Amino acid sequence: MTTLPTGFARARRWLRGHPLAFDGALAAGVLVCMVCASFAEPHPGHGPSFGVRAPDTSSVLLMVLGAAALVRRRSRPMEVLAATGALSIAEFLLSDPPAPVVMSVVVALYTVAARTDRPTTWRVGLLTMVSLTMAAMVVGSSPWYSQENVGVLAWLGLAGATGDAVRSRRAFVDAIRERAERAERTREEEARRRVAEERLRIARDLHDVVAHHIALVNVQAGVAAHVMDKRPDQAKEALAHVRQASRSALDELRSTVGLLRQSGDPEAPTEPAPGLAVLDDLVATFRNAGLPVEVARTDRDEPLPAAVDLAAYRIIQEALTNVRKHAGAHARAEVSVVRAGASAEVTVLDDGTGTAAGADRADGGGHGLLGMRERVTALGGALTAGPRYGGGFRVHAILPLTAGADGEPARDTGQRAGGCVLRAAPGDSRTSTTGERV
């Protein structure tokens, strides 16, 4: 069984879907009110008396025209207000006492106030109130201060104020709804952005782990296969390095995959993230793989921030991996970490002869240089990577110590902040940007 509130809700939805039908019903209701009021004779102090007088034919025609004009009040509010106002003034001129055609003007003025802005409501409302009130005071036989004339002014003012209040409430509700929808869209966009950033971070970390360890495994396996028959002791040592590198790769992959499989918020890691504190161990793995590496550091006295420390470690790891893969069998590498003011400079040089591979590295075709660029950009730093004059390759990163984590721009380091550029290093790239030999 349909309850009364449900029936009202259905009727309201139907009327919202059929505005012309609602306006037609409203016009009919206003016409009934005007006709009923036209039979009343007001008596101050004693209340109105019905049936004392009857409206003229002209008054009935004006009331019908005024009510019919209200059917188009939504599509043409200004025209309807002008038409009903003219009909009301005509009624004041033709009949004494006049029929209440002004009721249609009240509805039309409410519509204008509800569907336009406040300045328009003030201008149009004042003009309508003054015109009709002056017409009622001047033309009629009643005194200018009679309650009928004051009633015209009061009803028109009430219509304008009510329409303006309804318009303000609708605007307020629409603004709240728009903010809610915008907040929902923002949450969805933020969620998608965070998912994309997390995917990039995971891909970058997996690449760093897999590329480094698999490159070492490949090199040591090749050494073992080469000396297996003639020098089994050296082959055994190479296989031990293969086992160690593969175990390290499996451990890091297991920790990464375990973090992804957690259903809730990740717990604090039980081991610290890799950083320059374990740089010696990283360099030792490359030396064991046959790559001579020299290290020069000036940051040992004061540790770097965690984000900068991790980025520097990963940049050195990826750069040395590229050296081992592309620079040739007799290449040598040099690593320097220099803390200069509010930034840390990381430089990795090699003197390899792998020109084709070096060209590929400069083009950024692989994911290694892309990952380095993303790490440096996230911190607001600058990266240059390119071939050196005279052979070899150079990777140079400037990492601000205060920017990136809080979103502030990096200091001016002679290169565009946040930019990651790939170009050949000019001059003697064996010298760092601080002028020290590395």
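Treat the numbers as computed from the prediction; the structure is a model and nothing was measured.

Check the secondary structure of the protein and you find 12 helices and 8 strands. For the protein, the residues scored as buried account for 38% of the 438 residues in total. Look at the contacts in the protein between residues 6 or more apart in sequence, and 70% of them connect residues 24 or more apart. Within the structure as shown, the protein displays about 24,900 Å² of accessible surface, and the carbon and sulfur contribution to it stands at 60%.

In this section: a nonpolar patch on the surface. A cluster of nonpolar side chains, contributed by Leu93, Leu94, Val130, Met134, Val138 and Val139, occupies part of the molecular surface with about 580 Å² of accessible area. Those elements that place two or more of their residues in the nonpolar patch are α4 (77–94) and α6 (118–139). Considering each element in turn, the nonpolar patch owes the most residues, 4 residues, to α6. Within the secondary structure, Val139 sits in helix α6.

For the rest of this paragraph, the subject is the pattern of salt bridges. Across all of its chains, the model carries 10 salt bridges by this definition. Between Asp174 and Arg177 there is a salt bridge, with the nearest N and O atoms lying 3.0 Å from each other. One end of the pair, Asp174, and the other, Arg177, are both in helix α7 (residues 147–227), 3 residues apart, so they sit about a helical turn from each other. Judged by relative accessible area, Arg177 falls into the partly exposed class, the value being 44%. Salt bridges linked by common partners bring Asp23, Arg73 and Arg74 together as one network.

What follows is about the confidence of the model for the protein. Taken over all residues, the pLDDT of the protein has a mean of 76, while the share at 70 or more is 76%. This model gives residues 355–365 a pLDDT under 50, and the stretch forms 17 contacts once residues within four places in sequence are excluded. Within the model, the stretch residues 404–438 combines pLDDT values under 50 with 73 contacts to residues more than four positions away or in other chains.

Residue pairs spaced three or four apart in an α-helix point in one direction, given the helix's 3.6 residues per turn. The end-to-end C-alpha separation of helix α2 (residues 19–38) is 28 Å, in line with the 28 Å expected for 20 residues at 1.5 Å each. Among the residues of α2, those classed as buried are Asp23, Ala27, Val30, Met34 and Ser38. Around the axis of α2, the buried residues are gathered within 70 degrees of arc, so they sit on the same side.

Direction vectors running N to C along α2 and helix α5 (residues 102–115) enclose 145 degrees, while the axes themselves pass 9 Å from each other. Across the interface between the two elements, Leu26, Val30, Cys33, Met34 and Ala37 from α2 touch Met103, Ser104 and Val107 from α5. Within the contact of α2 with α5, the residues separate by chemical class into 7 nonpolar, 1 polar and no charged.

Helix length check: α6 (22 residues) gives 31 Å between terminal C-alpha atoms against 32 Å at 1.5 Å per residue, within 8%. Those residues of α6 not exposed but buried are Thr120, Thr121, Val124, Gly125, Thr128, Met129, Leu132, Thr133, Ala135 and Ala136. What you see down the axis of α6 is that its buried residues fit within an arc of 155 degrees, all on one side. Facing away from the buried side of α6 by more than 90 degrees, the exposed set consists of Trp122, Arg123, Leu127 and Val138.

Among the nonpolar cores identified, the biggest contains 36 residues, and Leu276, Val293, Ile315, Ile316, Leu320, Val395 and Leu399 are the most heavily contacted of them. Counting residues per element, this core draws most heavily on helix α10 (residues 306–326), at 9 residues. Filtering out sequence-adjacent residues up to four positions away, Val395 remains in contact with Ile315, Ala319, Val346, Thr347, Val348, Met372, Leu383, Thr384 and Ala385. Within the second largest apolar cluster, 29 residues are counted, among which are Ala69, Ala99, Leu109 and Met129.

Looking at the secondary structure, you find His396 in strand β7 (residues 393–400). Reaching out from His396, the side chain makes a polar contact with the side chain of Glu345 at a distance of 3.5 Å.

Cut-offs applied
- Residues numbered from 1 in each chain as written.
- Predicted model: local features only at pLDDT ≥ 70, side-chain atom pairs only at ≥ 80, totals over all residues.
- Heavy atoms only, no water.
- Helix = DSSP H or I, 4+ residues; strand = E, 2+ residues; numbered from the N terminus.
- Buried < 20%, exposed > 50% of the residue type's maximum accessible area, 1.4 Å probe, protein only.
- Contact = heavy atoms within 4.5 Å.
- Areas by Shrake-Rupley, 256 points an atom, 1.4 Å probe, with all protein chains shown as cover.
- Patch = residues over 30% accessible without salt bridge, like charges linked within 9 Å, V, L, I, M, F, W, Y side chains within 5 Å.
- Salt bridge = Lys/Arg side-chain N within 4 Å of Asp/Glu carboxyl O.
- pLDDT = per-residue confidence, 0-100.
- Expected span 1.5 Å × (residues − 1).
- Arc of directions from axis to C-beta.
- Axes fitted to C-alpha atoms, helices over the stretch in contact; angles between N-to-C directions.
- Nonpolar A, V, L, I, M, F, W, Y, C, P; charged D, E, K, R; others polar.
- Core = buried A, V, L, I, M, F, W, Y, C linked by side-chain atoms within 4.5 Å.
- Polar contact = N/O pair within 3.5 Å; in protein donor to acceptor, adjacent residues only side chain to side chain.

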